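Summary of the model geometry
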Amino acid sequence: MHLIGTHFGTYEVHRDAAGKPVLAPFAGDPAPSAIGPGLLEMAAHPLRIPQPMARAGWWHGTSGGEGRGREPFIPVPWDTALNRLADELKRVIARHGNSAIFAGSYGWASAGRFHHAQSQLKRALNLLGGFTTSVNTYSYGTAGVLLPHILGSAQRDACDTAPYWDDIAAACQLMVAFGGFRPGNAQVEAGGSTRHRVRQWLDEAVANGCRIVVLSPDGGDVPPGLKAEHIPLRPNTDTALLLAMAHVLLEEELLDHALLQSCTVGFEAFEGYLRAAPAKSPEWAEAICGVPAATIRVLARAVAATRSTLTLAWSLQRARFGEQPYWAAIALAAMAGQIGKPGGGIAFGLGAVGSVGNPVRRLQGPALPQGRNPVPHVIPVARITELLENPGGMLDYNGRRIALPDIRLVWWAGGNPFHHHQDLHRLARAWMRPETVVVQDHVWTASARRADLVLPSALPIERNDIAASSRDNAIVFSRAIAQPPGGVRTDHAALADLLSRFGLRDAFTEDRDEMGWLEHLYTGYRARHPELPDFETFSEEGVAWLEGPPEPADPRHRLRRFVADPDGAPLDTPSGRIEISTPRIASFGYADCPSHPAWLPPEEWLGAERAARFPIHLLSPQPEGRLHSQLDPAAASRAGKRDGREVVRLNPQDCTARGIAAGDTVRLFNDRGALLAVAQPDAALMPGVASLPTGAWLDLDESGLERHGNPNVLTPDIGSSRLSQGPSPNSCLVQVARWDGPAAPPRAFAPPAILEETAP
Ligand SMILES: Nc1nc2c(c(=O)[nH]1)N[C@H]1C(S)=C(S)[C@@H](COP(=O)(O)OP(=O)(O)OC[C@H]3O[C@@H](n4cnc5c(=O)[nH]c(N)nc54)[C@H](O)[C@@H]3O)O[C@H]1N2
Ligand SMILES: Nc1nc2c(c(=O)[nH]1)N[C@H]1C(S)=C(S)[C@@H](COP(=O)(O)OP(=O)(O)OC[C@H]3O[C@@H](n4cnc5c(=O)[nH]c(N)nc54)[C@H](O)[C@@H]3O)O[C@H]1N2
Ligand SMILES: [Mo]
């Protein structure tokens, strides 16, 4: 079978009457995604980068970093481009050392295991002596640092805390979902998937009597057709509500003392905080989160009385003090005696992507070996602007002080920082500082336009690969549909040619071609799972599966094993227990992340002083018709736009107060920037809250006005706390006004200016 494996799922390749390829849903996928077929649209798109390109002023040495994103490009033949890049690498390494190269290169890239852009780049640069890199994620970077302190290292990956969906369906009677289940999010899964089953599992749980309560500022997060209840609350105030629920359990003596005693430490300090003035009562919380005290009481009692799961969207921790709601939920689930019980307890990110809670045996195999990076410098990923702004500076992070090296060369492959980072005007200023910026991508993204040297990369449909998610039981042979266009190479081929200039080609390729590498990697999967078919059979059939239930050693069993036997299977926290308060975090002395869960009001939320000037809380969730910025020019994403701009949803009262009607162009602004979007009044949103998805290609006019609706010109670039330094886009206040200015048509989908001259 001819299959293509993508982050949006697996597709069968068929041909239409004219012989053109078509991506059809994979047989057996109950909810295939419309995003993937956009890959075919991009193959010959005007936004495709046709050959290597250099920024004119960089190529000629006539301008510095201030020319990035402003100057035209010059087409450069591959050999010339790679010679120049090799010289530049030699110069930077000789003069400043390898730590002056930043190639953290965060981003989702594409699903294949071999052609994984970051792995390829990191392997190449390690052979050249290494580079400064990044750790953690934009997805759950805050949780990823907090959870090991509280639940142990098995929970480093926030995905693995959740109970299995089949256990939830069988045993859970109440699911309290903070942030709900945003329709569209479970379409994607890093590495690929074969079946989109989240909706089926939700249906099954509800059919078995599970009641779903969604707490969210946006009623759009309530899955339709499941009789789910919606309780609106102000953004960023979930912690106050969770503390009040904990307070109710205390006051009404609904605690599971046995579980608290055997499985937790530090409850007393937390109890003291809940009782101390102001007592964290439902009345106290009502004033903060807007949920009636009586509703909080009833919900708290229900959580203690029945088998319940508290599930929190990752969006909650993509905010200032984003540790707190997660930590408070853990404390509450322990107090209520739910944690570690079959189908109960806590879950982070159920439905955020396809795989969280997927009740299958995980298929494990090798990644492309990246070698060793001798450069010690590492930043928490969302501190990129600070890194560029502040060479020689220091940063607090997870109990350490880390030094920021002096970056001279930035190299990005497989990510789009001018989509994913916050406060993009500030990033653009910092981005002027390095001497050289290299970007590898298929298309003219905002980051490629802000590079000095752009190396065009083959699309996933133009290469053979193997796709597999680490939380699925399937592996897919993704077979090329076509060759890349003449001037385009795979990232691997480009890097191999670059390394020949250092005499390192063979070290990089190990003398394997593409198919040789795929067979080699697949052999690593078979070594773990001997029941997999041989490579030839696999590549011919296109997919192979593992049968059977999850293995007992699966990290997703961790909390259950612990709660069943706290002495026999202790957690690897300092106490071996769940740390409701922790001396370790206390010892860091961070006022922005104290020793136990606490309500810390962000600088930007509806109760902040700043709300007098910027009274609308802007949420920037995931886009339904694309993956972040990927495939934004394709049909599925364009279908969600109006007049070529993104749609911002607002409460009708906020629209009326501003004379805004449905379909009006509106300006969203704050001290950091301004953008245009098209208004859609929607009573599902709380008054004072707006929702504008991420990922619209950045489109600035000469004055800096963003014309397409990219929320990251408005979001704050501030660490969630000194503990985790995660990103905080969801703590963002703005003002909204009708736009009566010039029509300012968006130009995001016009390629940059390319000069006639060709470099020698
Ligand atoms: N305001 C706000 N901002 C956010 C978020 C939010 O909720 N709100 N969410 C954040 C989150 S959770 C994330 S994960 C990030 C995502 O941020 P990114 O992962 O950076 O976003 P993508 O658009 O997926 O960028 C991937 C890029 O890789 C390119 N690419 C794909 N395949 C290949 C390949 O094989 N080779 C090469 N060279 N390039 C390839 C694509 O064309 C694309 O430009 O965004 C973050 N930003
Ligand atoms: N189609 C599609 N799916 C995706 C992605 C994509 O780009 N496209 N990106 C994927 C990636 S990389 C990730 S990390 C996941 C992210 O998964 P999540 O972080 O779970 O998803 P978001 O869409 O950012 O947020 C979900 C909902 O949380 C609500 N919310 C925001 N702030 C708050 C708050 O303070 N309190 C409460 N109670 N609710 C709040 C918002 O209304 C929003 O609709 O999604 C993945 N899924
Ligand atoms: Mo993410």
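Check the entry above for the structure.
Residues numbered from 1 in each chain as written. Chains lettered and ligands numbered in written order. Predicted model: local features only at pLDDT ≥ 70, side-chain atom pairs only at ≥ 80, totals over all residues. Heavy atoms only, no water.

Quick notes on the site of ligand 2
Surrounding ligand 2, one finds 33 residues, the nearest of these being Asp221, Asn236, Asp238, Ser315 and His628. A distance of 3.0 Å separates a nitrogen atom of ligand 2 from a polar backbone atom of Leu215. Between ligand 2 and His628 there is a distance of 2.7 Å, counted from an oxygen atom to a backbone nitrogen or oxygen. Starting from 920 Å² of accessible surface for ligand 2 in isolation, the protein chains cover 98%. Counting the residues that make up the shell around ligand 2, at least three belong to each of domain 2 (143-356 + 578-588) and domain 3 (609-738). (Near = heavy atom within 4 Å. Polar contact = N/O pair within 3.5 Å; in protein donor to acceptor, adjacent residues only side chain to side chain. Areas by Shrake-Rupley, 256 points an atom, 1.4 Å probe, with all protein chains shown as cover. Domains from an automatic or database assignment.)

Some points on the site of ligand 1
Around ligand 1, 33 residues are found, and the nearest of them are Ser110, His420, Asp441, Asp491 and Ser629. In the model, an oxygen atom of ligand 1 is placed 2.7 Å from a nitrogen or oxygen of the Trp108 main chain. Measuring from an oxygen atom of ligand 1, one finds a side-chain N or O atom of His419 at 3.2 Å. Protein chains bury 98% of the 920 Å² of accessible surface belonging to ligand 1 in isolation. Only helix H15 (417-420) and strand E18 (436-441) provide two or more residues apiece to the shell around ligand 1. Its residues assigned to classes, the shell around ligand 1 shows seven nonpolar, 22 polar and four charged. Formed jointly, the shell around ligand 1 draws a minimum of three residues from each of two domains, domain 1 (3-136 + 376-470 + 474-545) and domain 3 (609-738). (Helix = DSSP H or I, 4+ residues; strand = E, 2+ residues; numbered from the N terminus. Nonpolar A, V, L, I, M, F, W, Y, C, P; charged D, E, K, R; others polar.)

Examining the sheet that holds strand E19 (residues 453-456)
Reading across from one edge, E5-E4-E19-E18-E17-E6 is the order of the six strands in this open sheet, with mixed pairing throughout. At either margin of the open sheet sits one strand with a lone partner, and together these are strand E5 (73-75) and strand E6 (101-102). Pairing of E18 with E19, which is carried by four bridges, proceeds in the parallel orientation. Along E19, the bridge assignment pairs Val438 with Leu453. Sitting on the sheet, helix H3 (residues 78-96) is in contact with E6, strand E17 (409-413), E18 and E19, with an inclination near 130 degrees to E19. (Pairing = 2+ DSSP bridges. Contact = heavy atoms within 4.5 Å. Axes fitted to C-alpha atoms, helices over the stretch in contact; angles between N-to-C directions.)

Considering the layout of surface pockets
Of the volumes computed, that of the largest pocket is approximately 1,300 Å³. Arg113, His116, Thr137, Tyr140 and Ala190 are the residues nearest the centre of the largest pocket, which is lined by 40 residues in total. Contributions of two or more residues to the lining of the largest pocket are made by helix H4 (117-127), strand E7 (133-135) and helix H5 (141-151). Of the residues forming the lining of the largest pocket, the biggest block, three residues, is contributed by H4. When its residues are assigned to classes, the lining of the largest pocket shows 14 nonpolar, 20 polar and six charged. Counting the residues that make up the lining of the largest pocket, at least three belong to each of domain 1 (3-136 + 376-470 + 474-545) and domain 2 (143-356 + 578-588). Here the second largest pocket is characterised by a volume of approximately 900 Å³. Contributing to the lining of the second largest pocket are 32 residues, with Gly69, Arg70, Arg450, Leu700 and Asp701 lying nearest its centre. (1 Å grid on protein atoms, 1.4 Å probe; cavity = no way out; pocket = protein on both sides within 12 Å on 5 of 7 lines; lining within 4 Å. Points joined across faces, edges and corners; volume = space filled by probe spheres on them.)

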